[in-house]
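Each chain, letter by letter, is given below.
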Amino acid sequence: MDNEALKQKIAAWEPAAELVEEGSQFLNAIVTPPQLRALAEKLRYDEATRFDYMFCLSGVDFPEHLMVVYHLRSTTHQHEMVLKVKIEDKENPAVDTLCDIWRTAEFHEREVYDLFGIKFHKHPDLRRILLAEDWQGYPLRKDYVDPVNMISY
Amino acid sequence: MEPVTEGTILAQDGDLKTQEYFVNMGPQHPSTHGVLRLVLGLDGEIITKVEPHIGYIHRSIEKMCEHDNYRQIVHLTDRMDYLSAHINNEAVCLAVENALEIEVSDRVKVIRTIFAELTRLASHQLWWGVMGMDLGALTTFLYAFRDREMINDIFEETCGARLTMNYNVPGGLMFDLHPNFQKRVKEFLVHFKSKLPEYDMLLSDNVIFRQRTEGVGVLSKEDAISFGVTGPTARGSGVSCDVRKLHPYSAYDRVEFKEILMADGDSFARYKARILEMWESISIVEQLLDNIPEGDILAPTKAVIKLPKGEFYQRVETARGELGVYVISDGGKSPYRLKFRSPGFSNLFVLEHIAKGAKIADLVAMMSTIDIVVPDIDR
């Protein structure tokens, strides 16, 4: 499926999704947290899209919002796209988990929780994964300051 | 979690009482290949739970990248998967070159590919030696290190380093090949082609080894895709995921090689996939070695590299699977955000899925065939 056909599919499923192609080699679909889960299920299980392989899951801290980026690929159709969820609430960021749709998400979501402080609703085991359990703060946030371990520039 | 609990009584029939145990494997354990801690739940010698605890050598390379310039970032990457150091460097260089649309010469592409395949060979050799040792065969370790030493010597002669090579820079290579390079690689190939069948004789055809790996730790194709497993680990389950085939980079579009796919998905299939992959790597090096084109080894780049605003994703096939470099640039000299999608991280977490219900002694074999490098997981 090419990007145009994908765009039509996604627009039919989730008319509010923002579809962007500029500045990236993939088609980007940007949604809000309440829209994420339904669209992800459609992308994964629909015969025409079948995005069965999530090859990257990243968190990003933008000045105005937080974002979780899911890179998806279909091993049957060989097409790729990026699903992004924009989280406006920086104080209590939260989004639904996708770890029952893609099993690999479970551990990547724990990493995003650990480093960005984004909570994933219904995640079976949401704990810090890389840092110690009593670590304070979320290091990959842009406003994070650690006077002991960080070199200031 | 408590490291060792008093345990609950699971079976009360007759006199036999089984307690559920929790045992720490690591962080200091010879077969965890680094500082990895597994908390194992055991019912007798049957595994009921495997919980990997990682992060003992987390250096937050992604945070460091946000302050470093692109030339410096290249040097951080070979501290992740140190056995695929050259390929990791290449990933960042390719990301920068593609973003700036720098055309590197054919000579650079071919040399990078030869180095990448030699790196893969060295990595698989070390894996093979350690795999045998994990299962109690010390000989394999000595054999593998004897052969791997030859590759390290070749690297040392050209770029001065044996492991963390830093041979790639954005735009090309740091310096040209050593005049002895082709001669020594040929010597190595003649030597190793006579030794690789010995690897089969020692382990692949060994009855004890096969009994401990065949039918153990079976991973289905669907689960491998869902868990995001890549590299020889996934190809042992028949998942076609070789980045060199799917998204060819450097000189992989001009060589012929097979993507090794196995059907069984057990420990032995993953083992065999790597052995057969070594033959393919030898073939790739042979195809390119006599046809290294002439050309510049470094395309001109600006002193301070600034990527245009936007997002860039570059993936390469390391010895362990798909390494992704996801760069978000705001136009500055450092990335706004840089994520390394490391193959080891995704591969490790399939362990509980395949080890549940197996015997504790087989866990070591499963871990070996997943081929874990801990700095790659922790980053």
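Residues numbered from 1 in each chain as written. Chains lettered and ligands numbered in written order. Predicted model: local features only at pLDDT ≥ 70, side-chain atom pairs only at ≥ 80, totals over all residues.

A. Representation of the overall build of chain A in the model. Helix and strand counts for chain A come out as 3 helices and 7 strands. Ordered by position from N to C terminus, the α and β elements of chain A give α-β-β-α-β-β-β-β-α-β. Computed over its C-alpha atoms, the radius of gyration of chain A comes to 16 Å, within 12% of the 15 Å expected for a compact globule of 153 residues. Based on the C-alpha atoms only, the size of chain A along its principal axes is roughly 50 × 30 × 25 Å. Looking at the 153 residues of chain A, the share that counts as buried comes to 38%. (Helix = DSSP H or I, 4+ residues; strand = E, 2+ residues; numbered from the N terminus. Rg over C-alpha atoms; globule rule 2.2 N^0.38 Å. Buried ≥ 20, exposed ≤ 12 C-beta atoms within 10 Å, placed from the backbone.)

B. The overall build of chain B, seen in detail. For chain B, the count of helices and strands is 15 helices and 8 strands. Relative to a compact globule of 379 residues, whose C-alpha radius of gyration would be 21 Å, chain B shows 22 Å and is just as compact. By principal-axis analysis of the C-alpha atoms, chain B measures approximately 80 × 50 × 35 Å. In chain B, which comprises 379 residues, the share counted as buried stands at 47%. Contacts in chain B between residues far apart in sequence, at least 24 positions, make up 68% of those at least 6 positions apart. (Contact = placed C-beta atoms within 7 Å.)

C. Broad picture of the confidence of the model for chain B. Looking at chain B as a whole, the pLDDT averages 86, with 95% of positions reaching at least 70. The ipTM assigned to the predicted complex is 0.88, against a pTM of 0.86. (pLDDT = per-residue confidence, 0-100.)

D. Quick look at helix H4 (residues 106–134) of chain B. A rise of 1.5 Å per residue sets the reference length of H4 of chain B, with its 29 residues, at 42 Å; its end C-alpha atoms lie 42 Å apart and thus fit the reference within 8%. Of all 29 residues in H4 of chain B, 24 are buried, a share of seventy percent or more. (Expected span 1.5 Å × (residues − 1).)

E. Inspection of the environment of His58 of chain B at higher detail. Relative to the assigned elements, His58 of chain B resides in the loop between strand E3 (46–53) and helix H1 (61–65). In this structure, His58 of chain B is in contact with Leu130 and Leu131 of chain A together with Asp378 and Arg379 of chain B, ignoring residues within four places of it in sequence.

F. Region of the structure containing the nonpolar core. One finds Ile118 of chain A together with Ala95, Leu351 and Met366 of chain B to be the most contacted residues of the largest nonpolar core, which totals 137 residues. For this core, the element with the most residues is H4 of chain B, which contributes 13 residues. Shared between two domains, this core holds at least three residues of each, these being domain 1 (1–53) and domain 2 (61–378) of chain B. Apart from residues no more than four positions distant in its own chain, Ile118 of chain A is found in contact with Gly59, Leu66, Val68, Ile87, Pro93, Ala94, Val95, Val112 and Tyr113 of chain A. (Core = buried A, V, L, I, M, F, W, Y, C linked by C-beta atoms within 7 Å. Domains from an automatic or database assignment.)

G. Representation of the interface of chain A and chain B within the structure. Contact with chain A, which involves 22 residues of that partner, is made by 25 residues of chain B. Ranked by the residues each element gives to the side of chain A that touches chain B, the list is headed by strand E3 (residues 53–61) of chain A, at 6 residues. Looking at the side of chain A that touches chain B, its residues break down into 13 nonpolar, 7 polar and 2 charged. (Nonpolar A, V, L, I, M, F, W, Y, C, P; charged D, E, K, R; others polar.)

H. Structural detail: the sheet that holds strand E1 (residues 18–20) of chain A. Residue and element names in this part refer to chain A. Spatial strand order, E1-E2-E5-E4-E3: 5 strands in an open sheet with mixed pairing. Each edge of the open sheet is held by one strand with a lone partner, namely E1 and E3. With direction set aside, neighbouring strand axes in the sheet form an average angle of 20°. Relative to strand E4 (residues 66–73), E3 runs antiparallel, the two sharing 8 bridges. Directly across from Val60, in E4, lies its bridge partner Met67. Packing of helix H2 (residues 33–45) onto the sheet brings it into contact with strand E2 (28–31), E4 and strand E5 (80–87), and relative to E5 it is tilted by some 160°. (Pairing = 2+ DSSP bridges. Axes fitted to C-alpha atoms, helices over the stretch in contact; angles between N-to-C directions.)

I. Summary view of the packing of H4 of chain B against helix H14 (residues 360–370) of chain B. Residue and element names in this part refer to chain B. For the pair H4 and H14, interaxial distance at closest approach is 9 Å and the crossing angle is 175°. Here H4 lies roughly antiparallel to H14, going by the angle between them. Contacts between H4 and H14 involve Val130, Met131 and Asp134 from the former and Val364, Ala365 and Ser368 from the latter. Its residues assigned to classes, the contact of H4 with H14 comprises 4 nonpolar, 1 polar and 1 charged. (Parallel < 35°, antiparallel > 145°, perpendicular 65-115°, else oblique.)

J. A look at the environment of Ile260 of chain B. All names here are of chain B. Within the secondary structure layout, Ile260 lies in the loop between helix H10 (243–246) and helix H11 (267–289). Overall, Ile260 belongs to the partly exposed group, with 19 C-beta atoms counted inside 10 Å. In this structure, the C-alpha to C-alpha distance between Ile260 and Arg146, residues 114 residues apart in sequence, is 26 Å. Among all residues touching Ile260, those that are not within four sequence positions of it are Arg235, Ala273, Leu276, Glu277 and Glu280.

K. Highlighting the sheet that holds strand E7 (residues 321–329) of chain B. All names here are of chain B. Spatial ordering of the open sheet is given by E6-E7-E8, a layout of 3 strands whose pairing is antiparallel. A single partner strand is all that each edge strand has here, and the edge strands are strand E6 (310–318) and strand E8 (337–341). For this sheet the average axis-to-axis angle between neighbouring strands, irrespective of direction, equals 10°. The strands that helix H3 (residues 85–100) touches are E6 and E7; relative to E6, the one it contacts most, it runs at about 150°.

L. Broad picture of the pairing of E3 of chain B. Residue and element names in this part refer to chain B. As judged from the 7 bridges shared by strand E2 (residues 37–43) and E3, these two strands associate in the antiparallel manner. Each bridged residue has a counterpart across the sheet, and for Val39 the counterpart in E3 is Glu51. In textbook terms, the turn of a hairpin is the stretch between consecutive antiparallel strands, and for E2 and E3 this stretch comprises 2 residues, one of which, Gly44, has a positive phi near 70°.

M. The domain arrangement of chain B, seen in detail. Residue and element names in this part refer to chain B. When cut into domains, chain B gives domain 1 (1–53) and domain 2 (61–378). Here the C-alpha centroids of domain 1 and domain 2 sit 33 Å apart. The interface of domain 1 with domain 2 comprises 14 residues on the first partner and 19 residues on the second. Every element with two or more residues in the side of domain 1 that touches domain 2 is listed here: E2 and E3. In terms of residue class, the side of domain 1 that touches domain 2 is built from 8 nonpolar, 4 polar and 2 charged.

N. Representation of the pairing of E3 of chain A. For E3 of chain A, the tally of buried residues reaches 9 of 9 residues, placing the bulk of the element in the interior. Here E3 of chain A hands over to E4 of chain A after 4 residues, the two strands then running antiparallel side by side.

O. The arrangement of the packing of H11 of chain B against H14 of chain B in detail. Residues and elements named next belong to chain B. Packing of H11 against H14 brings their axes to within 9 Å, and their N-to-C directions diverge by 35°. The interaxial crossing formed by H11 with H14 has left-handed handedness. Contact with H11, carried on its side by Ser267, Arg270 and Tyr271, involves Ala365, Met366 and Thr369 of H14 and no other residues of that element. Grouping the amino acids of the contact of H11 with H14 by side-chain chemistry returns 3 nonpolar, 2 polar and 1 charged. (Left-handed = near helix turned anticlockwise from the far one by under 90°.)

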